[in-house]
Amino acid sequence: MNDPLSPQSNDSQKRLLVALLLSFAVTAGWMFLFPPPPAAPGADDAGVAAAGTQDAGTPAQAAQPSPGDGTPPPPGGTVAEATPPPPARQVDSHRKESVYRFSSVGAGLTSAELQGVKMREQHSLTLAQGYQQLLGKEVPPAPQMNLAQPVPNQPLPLSVTIEGQSPLGASVPYAVDEKTGGDVESLTFTGRQGPWEVVKVLQWPKEGFELTYTIQVKNTSGQAQNGELLVHYGRAIDPNFEHAPSFFGGVGNLSRSACWVDDKLHNMNPGDDALDVEKSKGQIHYFGINQQYFLSALYPLEGPRPGRCILAATPTARQVSVAFPLSAAAGETVTLKLGGYLGPKDPDLMAVVPGPELRKAVGLGDATFHPKLEDTVDFGIWAVICKILLGIMKFFHGLTGNWGVAIILLTVVVKLVLLPLTYRSMVSMEEVKKLQPRMDEIRKKFADNREQQNLEIMKLYQEAKVNPLGGCLPLLIQMPVWIALFTALRNSFDLYGEPFFGPIWRDLTYKDPTYLLPLALGVSMIITQKMQPQMMDATQAKIMTWFVPGIFTLTLLQYPAGLSLYIFTNNIFSIAQQYGLRKWLDRNKPQAGGGTPAVATAGGKRK
């Protein structure tokens, strides 16, 4: 049966043919009656039409780029091409105290080299180099201190980035404008990426270690932008010039990543745990790289600013970044004003930051925030004694011009202050010496009972009214002086790199590379111990005479030469003092028994 609806039927095929012919006829008639308009000149085949104008005689302009694509608008009436990035440049700036080198890629420091004899890395000399110096051969000096050595594959010091919905990278190319001459020099960097236009202005006077750093971030898009503005500072470390502290290995001079948040300074050494997230947030006072004798620090000029610190420390790098909240409406410019200090940790210089030269050069008022950078010089619990010792040494340095001589004169002052105690100590030891035969008898009698032996000896001391610890009192008082002097040598820039005399001992804060001074110290300690009356058995006496000086000498081999000089000088004075006091006591001893008046006063009348 023939189905008229089947595609294979003759009727269906006829109807399909008729429909196709009618469709063709209608299409041809439409094209003939309503032809399409001619294509606009210059139109490409990408499907993007050029924007026309009402004036038919004016060529059509190319479509304007979106404000959010980071490309500046083209000049009116011309077809715009993509603006090429500024060429990469290195910019050098010479100050009296330092030389800066900037890169236009990232607009950051690639070098901040301090100038001057003291502004060097601490020289690590070998034993051979020490004796070469002793024999008059010159050893190449350490390199100048560079406070801004870039860390590979990390943002440059002073570079900025933005994190958030529209990020800004650390390698944006910037245009550079230099202004030199006059009382202040400046560099202006201008860069664009995405919706951001960043203008960075650095200014500094001709002298000093300070600068100002103004960052202006403009939102060029048509919508609000939010995120975080990060300011970076990092420094690559050469392990040959830095080492960790250890008991027999020296005091150490590691740089630390540092950030002062709220009321606490956070320092990070290699191997330290990451800073707790909550502790990293708060009011940022300053941040940077805190080295033993030098500091690189940035701080908000207008006072502490809310943010968060990101610290990192490896054996070859120290890094710190601070993230400040960023919120900019369409077309709005956000400004961050920072001050900077890149120089030695001299408390007198840091106590006035921002200093008068910077204030005058860039027009800062007296009410500008003071970041208390001097607190990075940390004497710990010995601060009071350290400052007293430094004050005395500065006085003598002003008279003699030599810090080694100042340390010797400090020793004289301490010995004079302790002279009454030393005299009483000598008297007490002489009294104990007189009891030595009776003490030997007690030791023999109670040789198998150590506890009873000690009780009988203490009873003997009480009967004779003698203090066995009286001879230790001057040494106990000297110990805080030694520790405080060590702390001062380890932290005071005044003493850093300062010589004593001769071809060796060119840095009192560094070890004696020949080890002659600590060895002489050890010999003087042995002589001092042998001159003192022995108040213990033979074994204990040998330990005090030989073992203790040996351990003390080994410890001081790697410690600052200034500390060895003080203790050696103190031992020499102690030997002379003991010899003189003993002669005086023997000369004033009564002919017919009993003690001297001084002895009677100290120990009472013998029975």
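To start, this report covers the structure provided alongside it. (Residues numbered from 1 in each chain as written. Predicted model: local features only at pLDDT ≥ 70, side-chain atom pairs only at ≥ 80, totals over all residues. Heavy atoms only, no water.)

**So, the state of the cysteines**
Note the cut-off: The disulfide criterion used throughout: a pair of cysteine sulfur atoms within 2.5 Å. Each helix is a run of H or I in the DSSP string that is no shorter than four residues. Each strand is a run of E no shorter than two, and both are numbered from the N terminus. Think of it in three bands: with a 1.4 Å probe and only protein chains considered, a residue is buried below 20% of the maximum accessible area for its type, exposed above 50%, and partly exposed in between.
Inspection of the entire model under this criterion finds one disulfide. With its sulfur 1.7 Å from that of its partner, Cys259 forms a disulfide with Cys309. Placement of the pair is Cys259 in strand β10 (residues 256-261) and Cys309 in strand β14 (residues 305-314), with a sequence separation of 50 residues. Like Cys309, Cys259 is buried.

**Some details on the sheet that holds strand β3 (residues 108-114)**
Quick note on the threshold: The rule for pairing is simple: two strands pair if DSSP sees at least two bridges between them. What counts as an axis is a line fitted to C-alpha atoms, over the stretch in contact for a helix, and the angles between N-to-C directions run from 0 to 180 degrees.
The strand order across the open sheet built from three strands is β1-β2-β3, with neighbouring strands paired in antiparallel fashion. Both outer strands of the open sheet, β1 (90-94) and β3, are each paired with one neighbouring strand and no more. Each neighbouring strand pair of the sheet contributes to a mean axis angle of 15 degrees, computed without reference to strand direction. Strand direction decides the pairing type here: strand β2 (residues 98-103) and β3, joined by six bridges, are antiparallel.

**Here's the deal with the nonpolar core**
Under the convention used in this document: By convention a nonpolar core is built from buried Ala, Val, Leu, Ile, Met, Phe, Trp, Tyr and Cys residues, the set being connected through side-chain atoms within 4.5 Å. Should any heavy atoms of two residues lie within 4.5 Å, those residues are considered in contact.
Of all hydrophobic cores here, the largest spans 103 residues; its most connected members are Phe102, Ile215, Val231 and Tyr233. At seven residues, the largest contribution of residues to this core is made by helix α11 (residues 473-491). In this structure Ile215 touches Val160, Val198, Val199, Leu229, Val231, Val334, Thr335, Leu336 and Leu338, once residues within four positions along its chain are discounted. Core analysis: the second largest hydrophobic core is formed by ten residues, Val432, Met439, Ile442 and Leu460 among them.

**Focus: the packing of helix α8 (residues 419-434) against helix α14 (residues 561-587)**
How we decide: Note that the term roughly parallel is reserved for angles under 35 degrees, roughly antiparallel for angles over 145, roughly perpendicular for angles of 65 to 115, and oblique for everything else. Crossing handedness is defined as follows: a turn of the near helix away from the far one that is anticlockwise and smaller than a right angle gives a left-handed crossing, while the clockwise case is right-handed.
Two numbers describe how α8 lies on α14: the axes approach to 11 Å, and their chain directions differ by 60 degrees. Taken together, the axis directions place α8 and α14 in an arrangement best described as oblique. In this structure, the crossing between α8 and α14 has a hand that is right-handed. Contact with α8, carried on its side by Leu419, Thr422, Tyr423, Met426, Val427 and Glu430, involves Gln577, Gln578, Leu581, Arg582, Trp584 and Leu585 of α14 and no other residues of that element.

**Brief notes about unusual backbone geometry**
Glycine aside, residues mostly have negative phi angles, and peptide bonds mostly take the trans form. The omega torsion across Val353 and Pro354 is -5 degrees, close enough to zero to call that bond cis. Phi is positive for Leu158, which is not a glycine, with a value near 80 degrees. By relative accessible area, which is 2% here, Leu158 ends up buried. At Lys372, a position not held by glycine, the phi torsion is positive, near 60 degrees.

**As for the pattern of salt bridges**
To be explicit about the condition: By convention in these notes, a salt bridge is any Lys or Arg side-chain nitrogen within 4 Å of a carboxyl oxygen on Asp or Glu.
Scanning the model with the defined rule gives nine salt bridges in all. Measuring nitrogen to oxygen at the nearest pair gives 3.3 Å for the salt bridge that ties Arg235 to Glu121. Here Arg235, found in strand β9 (residues 225-236), pairs with Glu121, found in the loop between β3 and α2 (127-134); they are 114 residues apart in sequence, far enough to count as distant.

**Here's the deal with helix α7 (residues 403-417)**
We apply this condition: Residue count minus one, scaled by 1.5 Å, sets the expected span of a helix. For this analysis, a polar contact is any N or O atom pair within 3.5 Å, provided that within protein one partner can donate a hydrogen and the other can accept it, and provided that sequence-adjacent residues contribute only side-chain to side-chain pairs.
Along its 15 residues, α7 runs 21 Å from first to last C-alpha, staying within 8% of the 21 Å computed at 1.5 Å per residue. Of the positions making up α7, those classed as buried are Trp403, Gly404, Ala406, Ile407, Leu410, Thr411, Val414 and Lys415. N-cap assignment for α7: the residue whose side-chain oxygen lies 2.7 Å from the backbone N of Gly404 is Asn402.

**Some thoughts on the packing of aromatic side chains**
The condition is simple: Under the pairing criterion, centres of Phe, Tyr and Trp rings, with the six-membered ring standing for Trp, must be within 6.5 Å; the plane angle then separates stacked pairs below 30 degrees from edge-to-face pairs above 60, leaving the rest tilted.
All chains considered together, the criterion is met by 15 aromatic pairs. Judged by centre distance (5.7 Å) and plane angle (45 degrees), the rings of Trp260 and Tyr286 are tilted. With Trp260 in strand β10 and Tyr286 in strand β12 (residues 281-290), the pair connects residues that are 26 residues apart, well separated along the chain. In this structure, Trp260 and Tyr286 share a single accessibility class: buried. On the numbers, 5.3 Å between centres and 25 degrees between planes, the contact of Phe486 with Tyr559 is stacked. Of the two residues, Phe486 is situated in helix α11 and Tyr559 in the loop between α13 (538-556) and α14; the sequence distance between them amounts to 73 residues. An aromatic cluster of three or more residues is present, and its members are Tyr100, Phe102, Tyr174, Phe189 and Trp204.

**Considerations on the packing of helix α9 (residues 436-445) against helix α10 (residues 450-464)**
Spelled out, the test is: Each residue gets one label: Ala, Val, Leu, Ile, Met, Phe, Trp, Tyr, Cys and Pro are nonpolar, Asp, Glu, Lys and Arg are charged, and the others, such as Gly, are polar.
It is at 9 Å that the axes of α9 and α10 come closest, and there the two elements cross at 155 degrees. What the angle tells us is that α9 and α10 run roughly antiparallel. Between α9 and α10 lies a crossing of right-handed hand. Counting all contacts with α9, which are made through Arg438, Met439, Ile442 and Arg443, the residues of α10 involved are Gln453, Glu456, Ile457, Leu460, Tyr461 and Glu463. Considered class by class, the residues forming the contact of α9 with α10 number five nonpolar, one polar and four charged.

**Quick word on the pairing of β10**
Counting buried positions over the six residues of β10 gives five, a clear majority of the element. Pairing of β10 with β12, which is carried by six bridges, proceeds in the antiparallel orientation. Along β12, the bridge assignment pairs Ala258 with Gly288. What sits between the antiparallel neighbours β10 and strand β11 (residues 264-268) is a turn of two residues, in which Asp262 has the positive phi angle 55 degrees.

**A closer look at the environment of Tyr299**
By secondary structure assignment, the location of Tyr299 is in strand β13 (residues 294-300). We classify Tyr299 as buried; its relative accessible area is 0%. Taking C-alpha positions, Tyr299 is 4.2 Å from Tyr286, a pair spaced 13 residues apart along the chain. Once residues lying within four places of it in the same chain are set aside, the contact partners of Tyr299 are Glu210, His285, Tyr286, Lys337, Leu338, Gly339, Gly340, Val353, Pro354, Phe369 and Pro371.

None of this, on its own, says anything about what the molecule does.
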